[in-house]
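Architecture and fold: a report
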Amino acid sequence: SCHDPRVLTDTATLQVVLDVCGVFVFALSGALVAVRRGLDLFGIMVLAWVAGLGGGIIRDVLLGLTPPVGVRDWRLLAAALLAGTLVFLFYGRWSVITERAPEARPRRLATRAVRWLDAAGLALFAVSGAIVALNVDAGPLAATIIGGITATGGGLLRDLLARQVPEVLQRELYALPALAGAAFVVLLDHLDLLSTVTVWLAVALVFGIRVLAVTLDLNAPRALRTPT
Amino acid sequence: SCHDPRVLTDTATLQVVLDVCGVFVFALSGALVAVRRGLDLFGIMVLAWVAGLGGGIIRDVLLGLTPPVGVRDWRLLAAALLAGTLVFLFYGRWSVITERAPEARPRRLATRAVRWLDAAGLALFAVSGAIVALNVDAGPLAATIIGGITATGGGLLRDLLARQVPEVLQRELYALPALAGAAFVVLLDHLDLLSTVTVWLAVALVFGIRVLAVTLDLNAPRALRTPT
Amino acid sequence: SCHDPRVLTDTATLQVVLDVCGVFVFALSGALVAVRRGLDLFGIMVLAWVAGLGGGIIRDVLLGLTPPVGVRDWRLLAAALLAGTLVFLFYGRWSVITERAPEARPRRLATRAVRWLDAAGLALFAVSGAIVALNVDAGPLAATIIGGITATGGGLLRDLLARQVPEVLQRELYALPALAGAAFVVLLDHLDLLSTVTVWLAVALVFGIRVLAVTLDLNAPRALRTPT
């Protein structure tokens, strides 16, 4: 796909915005998981960093873009550390407030916050992953799959390190909205319709599907185990 | 090692055949692990994809072949998804039949099926990993080790995600047959004896050793802990 | 940063020394974890290999240096396997001796040995990671972070495979000394002060901080959970 230089510059700026936002929300989710696990300040920072930057680093390694932007762009690092610091500073206060509520509530709130932030990160990284892959001419299939991996990679590393069941294997639709969003970006690129507006539309699409799945607790069917 | 063009084409075809078969059997093992863990359709697809394509993706990343063939060749993706679909469709029926048998049986059968499929994937990927590494002149040691990593990587990722003890750390000989097979391929290449026949011989060798180890429950010695 | 050829050769030799030592001590830690988990000879070798070579392989993949030195330099492989063999041969004897001591002791000794070896590996790999990154002009931020990843990567993979809480998320300062050491190397390089003496000084710095943290059981603060 050919781009005129103006569009390329736009894409580059858009790329950074998508990445910084994605890193920030995923890092918040990582930091919250760390707090829930009782980890200290550095554990929080490590999980914020892993959750925020893991997906983008995997994306760049898969595309041969080394060293990955996640280890050399200070803005991405700053976004992750800011998220970790915010959670560290405010979780205590917020936790105190919610403690007056019924016992199960704070935990459920934190779990819900992780899910929503995760959905936002998923949306931002699915789109950003597909765009980066298209920019290095990886082909439509690779761009779709790398979008999916970029979106799910950070959360997967977070869950592995925190020793909890990976979100991507859980019941609700998780990887599918990411793959759909990446495929939508590939389609837009093919139709030469990739612009700031359509890119944010793709982000909203992934976020919407994922939040709907979480809210309605949509489950995919399981393999039959009992006779019908 | 120099090849005439005809042999190269043969190797390329052979490579795809080895990869598609390896992806398929490893994906079956991943899907079965997912079903045993009670995961839904997408969990099955994710574990099938991870188990089937993980090893080859790690191989390509280690060799600098980006984007990896596992994310851009639709045949490999199709093999993984077909395996996941088959397990999803037929596991219920098969499970119903075996449920009439003593209670412990279905589980033991699934465990055994995972082991055999795993052995086949191990054999196919050990050989394919070594061949790809030799094709990019990685040297004999690197080709042997990358063969071993390719063979064990997918199963390792599967076990990490499914939160079960990695097969590669378990008691029976696992990584060793893979390394032996990869070393055998390196030797064949050195002697200019690499052909369709000898490659399949190497696959049979790894599969045979591994199945023998599983069947006879061959254990490697442990570090002494009690006084002799 | 420009180097005259003599310095480059010195750096290369130094690099190998740092790497071989780092691989050896990390592999010892991996083998000890394997023994404590009751794994057999091959489990020990696999964990020794993963712990010893994992960090360097991740480093090389992040820097695009493929195939990684960890899969093609027999000296690194030999160091890892030697460490595994030593632990396998002598752990039984040592365990018998210590068994006469109070029951809790052998386990505590093994845990302490893993921590000290881990601290040494952390120091060696933090410095080596930063040097390799600087050699391929990765920039100061990337060199610091890649130093940190190189130092913590092997231990992290070891802990993931052994299914224990990653050391890097635990209470004591772990990643921070590694990052400080890597940043110190970047500073030395910037000031053109990188030499055999200063490099070993950086190694001693990281090791010292980490051992101090372990000995004094220095904890980082946790997010407040109880009202102040």
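We now turn to the structure provided with this report.

For any pair of aromatic rings, the description rests on two quantities: the centre-to-centre distance and the angle between the ring planes. Residues and elements named next belong to chain A. Considering all chains together, one arrives at 6 aromatic pairs over all chains under this definition. The interplanar angle of 15 degrees and the centroid separation of 5.6 Å between the aromatic rings of Phe26 and Phe125 together place this pair among those described as stacked. Of this pair, Phe26 sits in helix H1 (residues 5-36) while Phe125 sits in helix H5 (residues 105-135), placing them 99 residues apart in sequence. Phe125 matches Phe26 in its accessibility class, with the two residues each being buried.

Our focus in this paragraph is the pattern of salt bridges. Scanning the model with the defined rule gives 15 salt bridges over all chains in all. Between Arg59 of chain B and Asp60 of chain B there is a salt bridge, and its shortest N-O distance comes to 2.9 Å. As far as the burial class goes, Arg59 of chain B and Asp60 of chain B line up, both buried. In the salt-bridge network here, residues are joined through shared partners; they are Asp19, Arg59 and Asp60 of chain A.

Residues and elements named next belong to chain C. With 22 residues, helix H2 (residues 41-62) extends 31 Å between its outermost C-alpha atoms, agreeing within 8% with the 32 Å of an ideal straight helix rising 1.5 Å per residue. Of all bends in H2, the biggest is about 45 degrees, found at Leu53. Counting buried positions over the 22 residues of H2 gives 20, a clear majority of the element. N-cap assignment for H2: the residue whose side-chain oxygen lies 3.1 Å from the backbone N of Phe42 is Asp40.

On to the packing of helix H2 (residues 41-62) of chain A against helix H6 (residues 140-161) of chain A, then. All names here are of chain A. The contact between H2 and H6 brings their axes to 7 Å, and the two run at 145 degrees. Viewed along their axes, H2 and H6 form a crossing whose handedness is right-handed. Two secondary-structure elements touch here, H2 through Leu47, Val50, Ala51, Gly54, Gly55, Gly56, Ile58, Arg59 and Leu62 and H6 through Ile146, Ile149, Thr150, Gly153, Gly154, Leu157, Arg158 and Leu161. Of the residues assigned to the contact of H2 with H6, the class counts are 9 nonpolar, 6 polar and 2 charged.

So, about the packing of helix H6 (residues 140-161) of chain B against helix H7 (residues 175-190) of chain B. Working note: a packed helix pair is described by the angle between its axes plus the distance between those axes. Residue and element names in this part refer to chain B. Two elements in contact, H6 and H7, have axes separated by 8 Å at closest approach and are oriented at 140 degrees. For the element pair H6 / H7, the angle class is oblique. Between H6 and H7 lies a crossing of right-handed hand. Taken together, the residues of H7 that come into contact with H6 (itself represented by Pro140, Ala143, Thr144, Ile145, Gly147, Gly148, Ala151 and Thr152) are Ala175, Ala178, Leu179, Ala182, Ala183 and Val186. The class makeup of the residues in the contact of H6 with H7 is 10 nonpolar, 4 polar and no charged.

With that out of the way, let us pick up a nonpolar patch on the surface. A cluster of nonpolar side chains, contributed by Leu82, Leu86, Leu89 and Phe90 of chain B, occupies part of the molecular surface with about 360 Å² of accessible area. With respect to the helices, strands and loops of the structure, Phe90 of chain B is situated in helix H4 (residues 74-99).

Turning to the environment of Arg37 of chain A, a few remarks are in order. Residues and elements named next belong to chain A. Along the chain, the position of Arg37 falls in the loop between H1 and H2. Along the sequence, Arg37 and Gln164 sit 127 residues apart, while their C-alpha atoms lie 9.8 Å from each other. Filtering out sequence-adjacent residues up to four positions away, Arg37 remains in contact with Ala162, Arg163 and Gln164.

Rules used throughout
Residues numbered from 1 in each chain as written. Chains lettered and ligands numbered in written order. Predicted model: local features only at pLDDT ≥ 70, side-chain atom pairs only at ≥ 80, totals over all residues. Heavy atoms only, no water. Phe/Tyr/Trp six-rings, centres within 6.5 Å; stacked < 30°, edge-to-face > 60°. Helix = DSSP H or I, 4+ residues; strand = E, 2+ residues; numbered from the N terminus. Buried < 20%, exposed > 50% of the residue type's maximum accessible area, 1.4 Å probe, protein only. Salt bridge = Lys/Arg side-chain N within 4 Å of Asp/Glu carboxyl O. Expected span 1.5 Å × (residues − 1). Bend = angle between axes of the 7 residues up to and from the residue. Polar contact = N/O pair within 3.5 Å; in protein donor to acceptor, adjacent residues only side chain to side chain. Axes fitted to C-alpha atoms, helices over the stretch in contact; angles between N-to-C directions. Left-handed = near helix turned anticlockwise from the far one by under 90°. Contact = heavy atoms within 4.5 Å. Nonpolar A, V, L, I, M, F, W, Y, C, P; charged D, E, K, R; others polar. Parallel < 35°, antiparallel > 145°, perpendicular 65-115°, else oblique. Patch = residues over 30% accessible without salt bridge, like charges linked within 9 Å, V, L, I, M, F, W, Y side chains within 5 Å. Areas by Shrake-Rupley, 256 points an atom, 1.4 Å probe, with all protein chains shown as cover.

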